[in-house]
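# Coordinate analysis (summary)
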Amino acid sequence: MLVTSTITTGRITAMDLTAAEAVPGLLGIITHHSDVSTLTGRFVGDGGQFHTSRNPLGGPLVYYHGQVIAVVVAETREAAEEAASRIATTYTQTPARASLTENIDRARQVPSAGLNIGDVDRAMADAAQVVTTVIDTPAMHHHPIEPYTTTAQWRGGRLRVELPSQWVTGARAGLAETFGLHLDRVEVSSPHVGGAFGSKAWLMWHTVFAAAAARSLRRPVRLSVSRSQMFTVGPFRPQSRQFVRVGATADGKLVGYEHVEYVQTSHADDNRLSGARITSALYDVDNIRVSAYVVPTDVNTPGSMRGPHEYGPVFALECAIDELAERCGMDPVEFRLHNDTPVNRADGLPFSSRSLDRCLRRGAALFGWDDRSMEPGTMSDGDALIGWGCATSIYPVLRAPAEVAVRLEPGGTVRVSAGGHELGTGASTVLAQILADAVGCTLDDTAVELGDSRLPPGPMTAGSSNTGSIGPAVWHAGVKARTMLLTALAARLGVTPDLLNAREGAITCPARSFTFAEAMAEAGLGTICADHIWAPTELDTESVASGLGGREVFAPPTSRGRALYTFGAQFAEVAVDRVTRVPRVRRMVGVFDCGRIVNPRTARAQLVGGMIWGAGHALFEESVVDAAGRFAGADLGAYHFAVNADVGDVHIETIDSPDEFANELGVKGVGEIGVLGAAAAVANAVYHATGTRVRKTPILVDDLIP
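Residues numbered from 1 in each chain as written. Predicted model: local features only at pLDDT ≥ 70, side-chain atom pairs only at ≥ 80, totals over all residues. Heavy atoms only, no water.

### Let's talk about the state of the cysteines
A complete count under the given rule lists zero disulfides for this structure. Free of any disulfide, Cys 319 has its nearest neighbouring cysteine sulfur in Cys 390, separated by 11 Å. The class for Cys 319 is buried, based on a relative accessible area of 6%. (Disulfide = S-S within 2.5 Å. Buried < 20%, exposed > 50% of the residue type's maximum accessible area, 1.4 Å probe, protein only.)

Below, the structure is given as structure tokens:
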């Protein structure tokens, strides 16, 4: 049981454990006076695996509200809760500054996130129309259905940890380093994850504390984090402030784009979640200036939440583009089409594939965009003002090294093992499909093993990279295994391998047909084993080894002189009650270019879920920071997000366009792109309905009252 601080910043002056130690069944209490205070962990941004480098039990100082100050271990959860409630802590407090806005004077520039092309100031001076806007996005939390938990046990000097994780390879490496163990002395298991969205990507300190307690007590320890504690124990989407300036000629041609982004971080780590540079790839503009700043605040280190770098910048730019299109007297879809580009202006590389124009046109047709009134506030349905809005989506194609093992077993089972993860997105199904196609077996013949550090090392399941990284490795290993089987079987039959064919679970030759089980028996090889390491060609040998060894390694979104991105177009209809001013999303349409779609059903689920989540970003989600520096309403009752009743029909289509530059399968990724653009489409629809342009999220009733 975790005990967390009730102040935001200050020092622990005393902890009275007397009453807690009298609780029957108590096994121990860990505080900053315990041995765990000396344990260290490296922040993922500095080549490590930890969500934050700051050990919250590293000393008496309190750096943020909800910081872990004690861990209580007991025979039962009830006893642990009772003991935790009896710990009396005395503090001295210091003034806290936990929000971005009150700390913006402390901003530090991130030079690597900047971009300067052409002469932006001259372009703006010459532009016929210029839009300047400042947009704020709030802190948000992931709220997966499954909370954080850890079960740790030691046997013979070996540590085994079971936890929900998006990166078992990294968790093993981090735990090994922290406890001074060799990698082969640590096992991390996470076969199934009940939702994550970035919240379980990196190693967190409560897992370290559970392992330390298990070692001290010489017995297994299970530690569960409560829903309210998840607000501060783990990461969150940070607050941001986006300054955007865009200029265009009288006929709607973009001439200048400036974007300055401020993103919240902690004092412990510079989690540089800036993404303004990525937006420079959206449109054809010759003059671009992008800069990014991190703003240290009195919070735990923020982390990745779907579209972690891109959400704020894409939202801000797409709202500004909508406003600029209106200033130029152009339809928002036509304005975007007018400024489409085949080249990424940030680096001058042509896109490997870019069907944004097709996405916009198809989405507009599906939505019935031609019936949209140009004038805001002129469409209605009974007591509701109706607004239609659109926005584009963009996300880089991320790829990482992956190793897999394929086994053809004597009974005919075709098994693939990889250190990837099943987060509920359908990874097991998709990888089974790839395996079946590569080997020539049926889906019923396949078995997929994921989520264990004893399996071949895999990348973090994040950034829409899973299928595009592990999938090619599965394909190559499957082809190797099939070749080995057919070669051995051909030798036994006295024919050449080219006369054999494996397809849909049957291996055929001119004279005979075998099931996979029969073919394995006839070949007489026992189990056939085939391994493969796949990595983007842009990564050198050292980077590949680092990635497989438990460091966060992604190739840049480029390949063979091409820029790799996914694109989309999103449309939303919003109804705003004339009296109550409550906005409702009636329907949404999204069309996406995500490369090859391996499984349309799982892809649709990801995209629809992302669009609904994006609508929730626009109208509901906000982790409010109060004057004392605390996240107010830290539970599911007070944290509002979109559910089925909040969004009407959601229709999506994908343009199945395999991208050979991304990988051999032509896969790009679908996890993040649905979130990006959805909020801007909803915000632009709210403006079209009411004539009120709200420059923040969430858009609330009081923002729309005249």
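### Here we look at unusual backbone geometry
A cis amide bond links Thr 697 to the next residue, Pro 698, at an omega of -5°. A positive phi angle, near 55°, is found at Ser 464, a position not held by glycine. Within the fold, Ser 464 resides in the loop between β23 (446–449) and α12 (466–493). Of note, Arg 560 is a non-glycine position whose phi angle comes to about 50°, a positive value. Along the chain, Arg 560 falls in the loop between β28 (558–559) and β29 (562–563). (Helix = DSSP H or I, 4+ residues; strand = E, 2+ residues; numbered from the N terminus.)

### Brief notes about the side chain of Gln 239
Structurally, Gln 239 can be placed in the loop between α6 (230–233) and β14 (240–248). Within polar-contact distance, the side chain of Gln 239 engages the backbone nitrogen of Leu 100 at 2.6 Å. Discounting chain neighbours no more than four positions away, the residues touching Gln 239 are Ala 98, Ser 99, Leu 100, Thr 137, Pro 138, Ala 139, Tyr 262, Val 263, Gln 264 and Val 625. (Polar contact = N/O pair within 3.5 Å; in protein donor to acceptor, adjacent residues only side chain to side chain. Contact = heavy atoms within 4.5 Å.)

### Structural notes on the nonpolar core
It is characteristic of soluble globular proteins that their nonpolar side chains tend to be buried jointly. Counting 105 residues, the largest nonpolar core has Val 246, Phe 335, Phe 571, Met 588 and Val 682 as its most contacted members. Per element, the largest residue contribution to this core is ten residues, and it comes from helix α8 (residues 311–327). When sequence neighbours within four positions are dropped, the list of residues in contact with Met 588 reads Gln 570, Phe 571, Ala 572, Met 611, Ala 615, Val 647, Asp 649, Val 650, His 651, Ala 678 and Val 682. Residues Val 416, Ala 481, Phe 514 and Met 520 belong to the second largest nonpolar core, which totals 40 residues. (Core = buried A, V, L, I, M, F, W, Y, C linked by side-chain atoms within 4.5 Å.)

### Quick word on helix α13 (residues 516–523)
Among all positions in α13, only Phe 516, Ala 519, Met 520 and Ala 523 are buried. An end-on view of α13 places all buried positions within 100° of arc, on one side of the element. Of the residues flanking the end of α13, it is Gly 524, one or two places downstream, whose phi is positive at about 70°. (Arc of directions from axis to C-beta.)

### Focus on the UniProt feature "domain: Aldehyde oxidase/xanthine dehydrogenase a/b hammerhead" (unreviewed entry) in the chain
Listed under "domain: Aldehyde oxidase/xanthine dehydrogenase a/b hammerhead" (unreviewed entry) in the UniProt record, and renumbered for this structure, are residues 1–95. For residues 1–95, helix accounts for 14% and strand for 32%, while the C-alpha atoms at its two ends are 28 Å apart. (UniProt positions renumbered as here; feature names shortened; annotations may be inferred.)

### Comments concerning the environment of Pro 396
With respect to the secondary-structure elements, Pro 396 resides in strand β20 (residues 384–396). Pro 396 sits 102 residues away from Val 294 along the chain, and the two C-alpha atoms are 21 Å apart. For Pro 396, the residues in contact, after removing those within four places along its chain, are Ile 278, Glu 310, Pro 557, Leu 564 and Tyr 565.

### Points about the domain arrangement of the chain
The domain boundaries assigned to the chain delineate domain 1 (2–95 + 145–195 + 200–233), domain 2 (311–332 + 343–397 + 559–703) and domain 3 (402–555). Taken over C-alpha atoms, the centre of domain 1 sits 38 Å from the centre of domain 2. Facing the six residues of domain 1 at the interface are ten residues of domain 2. Surface buried jointly by domain 1 and domain 2 totals about 640 Å² across both partners, of which 71% is contributed by carbon and sulfur atoms. On inspection of domain 1 and its partner domain 2, the count reaches zero salt bridges. Along the lines of polarity and charge, the residues of the side of domain 1 that touches domain 2 split into one nonpolar, four polar and one charged. (Domains from an automatic or database assignment. Buried area = accessible area lost by both parts, 1.4 Å probe. Salt bridge = Lys/Arg side-chain N within 4 Å of Asp/Glu carboxyl O. Nonpolar A, V, L, I, M, F, W, Y, C, P; charged D, E, K, R; others polar.)

### Focus on the side chain of Glu 422
Assignment of secondary structure puts Glu 422 in the loop between β22 (414–418) and α11 (427–439). One buried charged residue, Glu 422, forms no salt bridge at all, with the nearest opposite charge on Arg 306 at 9.3 Å. Looking at Glu 422, its side chain comes within polar contact range of the main-chain nitrogen of Thr 425, at 3.1 Å. In this structure, Glu 422 is in contact with Pro 191, His 192, Val 193, Ala 427, Ser 428 and Leu 450, ignoring residues within four places of it in sequence. (Lys, Arg positive; Asp, Glu negative; His and termini not counted.)

### Thoughts on the layout of surface pockets
Rolling a probe over the atoms, with the probe sized like a water molecule, indicates the empty space that remains. The space that makes up the second largest pocket amounts to roughly 600 Å³. Taken together, the residues that form the lining of the second largest pocket break down as 13 nonpolar, eleven polar and two charged. (1 Å grid on protein atoms, 1.4 Å probe; cavity = no way out; pocket = protein on both sides within 12 Å on 5 of 7 lines; lining within 4 Å. Points joined across faces, edges and corners; volume = space filled by probe spheres on them.)

### A look at helix α5 (residues 205–217)
Two residues of an α-helix separated by three or four positions point the same way, owing to the 3.6 residues in each turn. The end-to-end C-alpha separation of α5 is 18 Å, in line with the 18 Å expected for 13 residues at 1.5 Å each. Counted residue by residue, α5 has ten buried out of 13 residues, so it is predominantly covered. The complete set of buried residues in α5 reads Trp 205, His 206, Thr 207, Val 208, Phe 209, Ala 210, Ala 211, Ala 212, Ala 213 and Ala 214. A positive phi of about 55° marks Arg 218, the residue just after α5. (Expected span 1.5 Å × (residues − 1).)

### A few points about the sheet that holds strand β30 (residues 565–577)
The strand order across the open sheet formed by five strands is β19-β20-β30-β31-β32, and the pairing between neighbours is mixed. Looking at strand neighbours, the two that pair on one side only are β19 (379–381) and β32 (647–654), the edges of this open sheet. Each adjacent strand pair in this sheet contributes to an overall mean axis angle of 25°, direction not counted. Sheet topology places β19 next to β20; three bridges connect them, and they run antiparallel. Within β20, the position partnered with Asp 381 by the bridge is Ala 384. (Pairing = 2+ DSSP bridges. Axes fitted to C-alpha atoms, helices over the stretch in contact; angles between N-to-C directions.)

### Here's the deal with the sheet that holds strand β26 (residues 513–515)
Spatial strand order, β24-β25-β26: three strands in an open sheet with antiparallel pairing. Two strands in the sheet have a free side with no partner beyond their single neighbour: β24 (501–503) and β26. Direction aside, neighbouring strands of the sheet carry axes that sit 25° apart on average. Here β24 pairs with strand β25 (residues 506–508) via three bridges, running antiparallel.

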